[in-house]
Amino acid sequence: MTEALPDAGRPSVPPAAEPAGAAESAGAPGRGRLPSLTGLRFAAAFLVFGFHLQIAHLFPARSEGDHVLSLLFGHGAIGVSFFFILSGFVLTWSAGPRDPVRRVWRNRAAKIFPNHLVTALAALAAVAAGAGAAAGAAGGPGAASPEVVVPNLLLVQSWSPNPDVYFGLNTVSWSLSCEAFFYLLFPFLLRGLARLDRRALWPAAIVLTAVVWCLPLATAGWSEATAYWFLYVLPATRLAEFCLGMALARIVASGQWFRCPAWAAGLLLVGAYASIGYLPVRLGYVAVTVVPLALLIPALASADLGGRRTLWATRWAVLLGEVSFAFYMVHQLVIRFAVKALHVPAAEAPGWSVPVVIAVQFALLAAALTAAALLWRIVERPLNNRLRSAPARRVPAI
């Protein structure tokens, strides 16, 4: 299944960004544990899962079920900004003062590549089984052609403006292409941030937020497809959110964060989420939710540091957060295989009753969670420990 490009009426968003690869379970010694950020990772990944359920068209178009699912999950791509900001925040928070550049790169590759390669192979199997597009739209390259497979395997696919390329194979891995670019630059960005006077941190965060809001203005007169790629997919554009997370981590670490209750930031985020459908499409891709997300992440971190218990720091929330990267990487593949196995029509609902549709959706969630747990247990965790540049040491989970 490939994503449709946005139309002029509402934002049609791609599979959202990679959650857990951006926020590995680590913390800098002496900085304190941030379990709420781990717990919230699964909530964001679940939002993406709901978005993909919606575009699977199991409910008839314009039915009550379709309306409810659209209301809840229609703008699930806000998880992208969450994970990109979280990535910058967590990597800065946990970075050692003298971490060699090669070690940083190797550790990040050890985190994301095992899951990426396994799910890319599964995506190729999905194409072979007819559970993915066999050829690109409008005569574009086939889903298993070298023009698609090679950039996706190397995680450079999001630099291409061709949706057949950046949504190729396991479509959700387009966001890993952005993360790979962030990781490449991170050691050098961190050095620059370390030289920045602490009084300049807040101005830097404000400027980065303004950049995110101004980018849609730069696309005036562009086609919707080109603007979509530039604002939502292009790694260079999404770098502003990653850098914003880095600045926020320094703000919290330097004691400059103001008292912002996590519940207030959460309510602001809910309001921004609900407003997306009523605002210009290009603002809805990223800009509308960047401020609430930039408030929520430091607010939860501050709550953890201050010993204030949050819902996202509970045992089950943290456990689900640990498998959220694997869940993100497998969930759309599970949906694709299921849609093929259940003979769901390509452009219309299968005609099932509401209870049957709900039962199928819960079955898909259970299947995705099971596959994620296996991927995390068999691939992600052991290979991450084995491939890292130094023996694994026990570090506080975030």
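As shown above, the structure is provided for reference.
Given the structure is predicted, the values throughout are model-derived calculations rather than measurements.

Asker: How would you explain the packing of aromatic side chains if you had to name every residue and give the values?
Answerer: When we look at a pair of aromatic rings, we describe it by the centre distance and by the angle of the planes. Within this structure, the stated rule accounts for 22 aromatic pairs. Residues phenylalanine 82 and phenylalanine 83 carry aromatic rings whose centres are separated by 5.0 Å and whose planes lie at 75° to one another, so their mutual orientation is edge-to-face. For the pair shown, phenylalanine 82 and phenylalanine 83 are each scored as buried. An aromatic cluster is built from Phe84, Trp159, Phe181, Phe182, Phe186 and Phe242, whose rings are joined through pairwise contacts. Above the face of the tyrosine 183 ring, arginine 108 is positioned so that its terminal group lies 4.8 Å from the ring centre. Of note, arginine 381 hangs over the ring of tryptophan 376, and the distance from its end group to the ring centre comes to 4.6 Å.

Asker: Go over the pattern of salt bridges with me, naming the residues and quoting the values.
Answerer: Evaluated as defined, the whole model comprises four salt bridges. Between aspartate 197 and arginine 199 there is a salt bridge, with the nearest N and O atoms lying 3.0 Å from each other. The exposure class of arginine 199 is exposed, given its relative accessible area of 68%. Across the salt bridge formed by glutamate 241 and arginine 238, the nearest N and O atoms sit 2.6 Å from each other.

Asker: Account for helix H9 (residues 224–233), naming residues and giving values.
Answerer: Burial runs high along H9: seven of the ten residues are buried. On the buried face of H9, the contacting elements are helix H3 (78–94), helix H6 (163–166), helix H7 (174–194), helix H8 (201–218), helix H10 (235–253) and helix H12 (281–285).

Asker: I'd like a rundown of unusual backbone geometry, residues and numbers included.
Answerer: Backbone geometry places leucine 155, a non-glycine residue, at a positive phi of 60°. Within the secondary structure layout, leucine 155 lies in the loop between helix H5 (146–153) and H6. Residue leucine 155 is classed as buried on the basis of its relative accessible area, which comes to 2%. Despite not being glycine, leucine 169 has its phi angle at roughly 50°, a positive value. Relative to the assigned elements, leucine 169 resides in the loop between H6 and H7.

What counts as what
Note on numbering: residues in each chain are counted from 1, in written sequence order. Side-chain atom pairs in this predicted model are given and counted only at pLDDT of 80 or more, local residue features only at pLDDT of at least 70, and totals for whole chains, interfaces and linings cover all residues. To get the side-chain values, take all heavy atoms of the structure and skip hydrogens and water. Note on aromatic contacts: the rings of Phe and Tyr and the six-membered ring of Trp form a pair at centre separations within 6.5 Å, being stacked when their planes are under 30 degrees apart, edge-to-face when over 60 apart, and tilted otherwise. Burial classification: accessible surface area is computed with a 1.4 Å probe over protein chains only, and a residue below 20% of its type maximum counts as buried, one above 50% as exposed, and the rest as partly exposed. Here, a charge over a ring is recorded when the distance from Lys NZ or Arg CZ to the ring centre is within 6 Å and its angle to the ring normal is within 35 degrees. Should a side-chain nitrogen of Lys or Arg be within 4 Å of a carboxyl oxygen of Asp or Glu, the pair is scored as a salt bridge. Here a helix means four or more residues in a row that DSSP labels H or I, a strand means two or more in a row labelled E, and each is numbered from the N terminus. Two residues qualify as a contact provided that any one of their heavy atoms is within 4.5 Å of a heavy atom in the partner residue.

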